[in-house]
Amino acid sequence: MPTIQLTFPGGRYHATPLGFHVNEGKVEWPPSPWRLLRALLSVGFTTQHWAEVPPVARTLIEKLAKVLPQYRLPPAAAAHSRHFMPLGLLEKGREKTTLVFDTWADVSDGELLIHWDCHLNDEETTLLKQLVDCLGYLGRSESWVEGQIVDTASPSSFNAFPH
């Protein structure tokens, strides 16, 4: 049963929930199962040089997609910054700007554990390790991550469950 540990070297997790605009100030925390699987597929194409999804990757993703993951969340707080971005237009002799929000979850040096209650064969486990090792960000590009596969923590240590 695979468990991924993610740390955030920048101390921040930037991701906008599906269906919201980046400027609405929402943060998808924890990362949705869809975002996690999409990131693993992306890493396969960008770092493993897939031309198409290989059969072992297909079975891996299908197994992970059949169950909702459990999470152990680190302490986190929503945070944001505001920027007035120039639009490249003049209005009444001044450059016109627009207010832009940059919103994130401040996770500091916390560790996020993501566990799927499913069994992977050796080939799928090896591929998952390769993909997680190559994962450089999750969410927006400024949301840097370092990932690894870890031994399963005790079930009582998980504190968030999607529904």
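For the structure itself, consult the block above.
Conventions used here
Residues numbered from 1 in each chain as written. Predicted model: local features only at pLDDT ≥ 70, side-chain atom pairs only at ≥ 80, totals over all residues. Heavy atoms only, no water. Salt bridge = Lys/Arg side-chain N within 4 Å of Asp/Glu carboxyl O. Buried < 20%, exposed > 50% of the residue type's maximum accessible area, 1.4 Å probe, protein only. Helix = DSSP H or I, 4+ residues; strand = E, 2+ residues; numbered from the N terminus. Expected span 1.5 Å × (residues − 1). Contact = heavy atoms within 4.5 Å.

As for the pattern of salt bridges
Pairing is possible between side chains of opposite charge, provided their charged atoms come close. Throughout the structure, instances matching the rule amount to 5 salt bridges. A salt bridge links E28 to R35, with the shortest nitrogen-to-oxygen separation between them at 2.5 Å. Its relative accessible area of 6% is what places R35 among the buried residues. K96 is paired through a salt bridge with E91; the nearest N and O atoms lie 3.6 Å apart. Assessed through its relative accessible area of 34%, K96 is described here as partly exposed.

What about helix α1 (residues 33–47)?
In this model α1 runs 21 Å from its N-terminal to its C-terminal C-alpha over 15 residues, within 8% of the 21 Å that 1.5 Å per residue would give. Buried within α1 are the following residues: R35, L36, L37, A39, L40, V43 and G44. Buried positions along α1 lie against β2 (12–13), α2 (55–65), β3 (70–72), β6 (111–115) and α3 (122–134). Among the residues trailing α1, H49 stands out with phi positive, at a value near 60°.

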